[in-house]
Amino acid sequence: MKVTVFGIGYVGLVQAAVLADVGHDVVCVDVDQNKVDNLKKGLIPIYEPGLTPIVESNFAEGRLRFTTDAAEGIAHAEIQFIAVGTPPDEDGSADLKYVLAVAETIATHMNSPKIIVDKSTVPVGTADKVSAKVGSVLSTRNERIDYHIVSNPEFLKEGAAVSDCMRPDRIVIGTDSQHVEEQMRELYAPFNRNHDRMIFMDVRSAELTKYAANCMLATKISFMNEMSQLAERLGADIENVRRGIGSDERIGYHFIYPGCGYGGSCFPKDVQALVRTADEIEYDAQLLKSVESVNYKQKEVLFDRVFNYFNGDLAGKTIALWGLSFKPNTDDMREASSRVLMEKLWEQGAKVRAYDPEAMEETQRVYGVRNDLDLVGTKESAMQGADILVICTEWKVFRAPDFDQIKRSLTYPVVIDGRNMYEPEIVERHGLEYFGIGRGRSI
Ligand code: NAD
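Residues numbered from 1 in each chain as written. Predicted model: local features only at pLDDT ≥ 70, side-chain atom pairs only at ≥ 80, totals over all residues.

Participant: Explain the site of the ligand to me, please; I cannot follow it from the model alone.
Facilitator: Close to the ligand lie 26 residues; Gly 7, Gly 9, Val 11, Ser 120 and Thr 121 are nearest. Its residues placed into classes, the shell around the ligand shows 13 nonpolar, 8 polar and 5 charged. (Near = placed C-beta within 6 Å. Nonpolar A, V, L, I, M, F, W, Y, C, P; charged D, E, K, R; others polar.)

Dropping the structure here:
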């Protein structure tokens, strides 16, 4: 089938590449000329395992094309995906300007019926706004062309985006049209062979499903972080508690890891956006507000530990930092806990010497060159001349470090671990002081 995808970000590029990989003919449209030019040269703008080979092979075989020419993309296919960003507005609500701009562009250039599929995460009621926008542009053009607005939220996880799109847990489609259902079934048939993963529903329910899913996951994290705060103060070990509760099937082991707060481009903004949606309909979303405020506080935990360890005297200290991205297997720094830590350390006159397997270029882009930030090529060199070590992201390469070397490298033999990667007894056996999250001891 022919498909057009607007927005070549994490969602658009991965989805486009995966659709092309099963044989669909995909045109990707983006307003970022640089991104399009680079993709044509084989330069992939994001790090995502397994993405580069499928972009390269499908581009080479002509099933995946990149352009800034919206008219070309619109003429290409009946199915038009919208996968542009929906960043938080000043009040935390989702900013729909990019989504509505694409809707306007499609309506301006379309000369045949279109199925406009919204993959961006958008508040309930957005499909109506997109429909109104398309309708008003068509009426100023004096055209009557059929169109459908469909909600097809994306559930991929950064770091596993390709495999999530290849083998989705579910494909949610919000539509009331038989024709759309048939087209979507045909489009996704290659991903729907093992069992039926397609769930059809009304558009509003589909829009809310995405927010409900992310808010549920964020709630699990904030719940565990709150438990970790209690564990720490009560002399309990949250890791024992985690195993203890996870064994209950109704709770399960997934997604109940305590840590230094959730980040990324989705959870923080989606929780905020649903709180704003609730405000608009005068519903006080107390639970969601707490999820947000617990997370906000949790992101400060690592800094508080460093601050307390040095009795507030951080000027001139050098902190070794392992992990910058908001989670492993991505270079995404949006809302990463490392940012809260680094910015607070800098305010106090400390220096950061950091290593991350993928996110250093992005960190450099975000912060530019500064005297108090050294980005170094290995986890070992991050510790050279540093006072203590802090871990922000649980990359696999940090799982089994040489603790003796850590002890030799640091001025103060202290590891502050925001992801509970190690067993305290093992670290302490090597003569290091260890502070995890909710492990019965704090500074
Ligand atoms: P992104 O910022 O990585 O990419 C968005 C792209 O859209 C950019 O390349 C931008 O240049 C392009 N764009 C903006 N305006 C455009 C226009 N008028 N025409 C064409 N292209 C345009 O965003 P993302 O992370 O891929 O997220 C996209 C949406 O998907 C968001 O709503 C997000 O909440 C949702 N989502 C993201 C993830 C994730 O893990 N990143 C997962 C599920 C859902």
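That covers the picture; the talk isn't over yet.
Participant: Would you take a moment to explain the domain arrangement of the protein for this structure?
Facilitator: When the parts of a complex come together, some accessible area is lost, and that lost area is often used as the size of the interface. Domain parsing of the protein yields domain 1 (2–201), domain 2 (211–296) and domain 3 (299–435). On a C-alpha basis, the centres of domain 1 and domain 3 stand 38 Å from each other. Between domain 1 and domain 3, the residue contacts involve 6 residues of the former and 7 residues of the latter. Residue classes in the side of domain 1 that touches domain 3 are distributed as 4 nonpolar, 1 polar and 1 charged. (Domains from an automatic or database assignment. Contact = placed C-beta atoms within 7 Å.)

Participant: What is the right way to look at the sheet that holds strand S11 (residues 373–375) in this model?
Facilitator: Across a sheet, paired strands are connected by hydrogen bonds in the backbone, their directions being either parallel or antiparallel. Taken together, the 6 strands give an open sheet; going across it, the order is S11-S10-S9-S12-S13-S14, and neighbouring strands pair in parallel fashion. At either margin of the open sheet sits one strand with a lone partner, and together these are S11 and strand S14 (433–435). When strand polarity is set aside, the average angle formed by the axes of neighbouring strands in this sheet is 20°. As judged from the 3 bridges shared by strand S13 (residues 414–417) and S14, these two strands associate in the parallel manner. Its bridge partner being in S14, Ile 416 is matched across the sheet by Phe 435. (Pairing = 2+ DSSP bridges. Helix = DSSP H or I, 4+ residues; strand = E, 2+ residues; numbered from the N terminus. Axes fitted to C-alpha atoms, helices over the stretch in contact; angles between N-to-C directions.)

Participant: So what exactly am I meant to see when it comes to the UniProt feature "domain: UDP-glucose/GDP-mannose dehydrogenase C-terminal" (unreviewed entry) in the protein here?
Facilitator: As recorded in UniProt, the feature "domain: UDP-glucose/GDP-mannose dehydrogenase C-terminal" (unreviewed entry) lies at residues 320–424. Its end C-alpha atoms 19 Å apart, residues 320–424 is made of 30% helix and 18% strand. (UniProt positions renumbered as here; feature names shortened; annotations may be inferred.)

Participant: Looking at this structure, I do not really get the environment of Cys 215. What am I missing?
Facilitator: If you trace the backbone, Cys 215 turns up in helix H9 (residues 203–234). Residue Cys 215 is classed as buried on the basis of its C-beta count, with 22 C-beta atoms lying within 10 Å. On a C-alpha basis, the gap between Cys 215 and Arg 193 in space is 29 Å, while along the polypeptide they are 22 residues apart. Those residues in contact with Cys 215 that lie beyond four places of it in its chain are Asp 270, Val 271, Leu 274 and Leu 288. (Buried ≥ 20, exposed ≤ 12 C-beta atoms within 10 Å, placed from the backbone.)

Participant: Could you clarify how one ought to interpret the confidence of the model for the protein in this entry?
Facilitator: Reading fine detail from the predicted coordinates is not recommended where pLDDT is low. Predicted confidence across the protein gives a mean pLDDT of 97, with 100% of residues reaching 70 or more. Among the prediction metrics, the complex's ipTM stands at 0.99, with pTM recorded as 0.94. (pLDDT = per-residue confidence, 0-100.)

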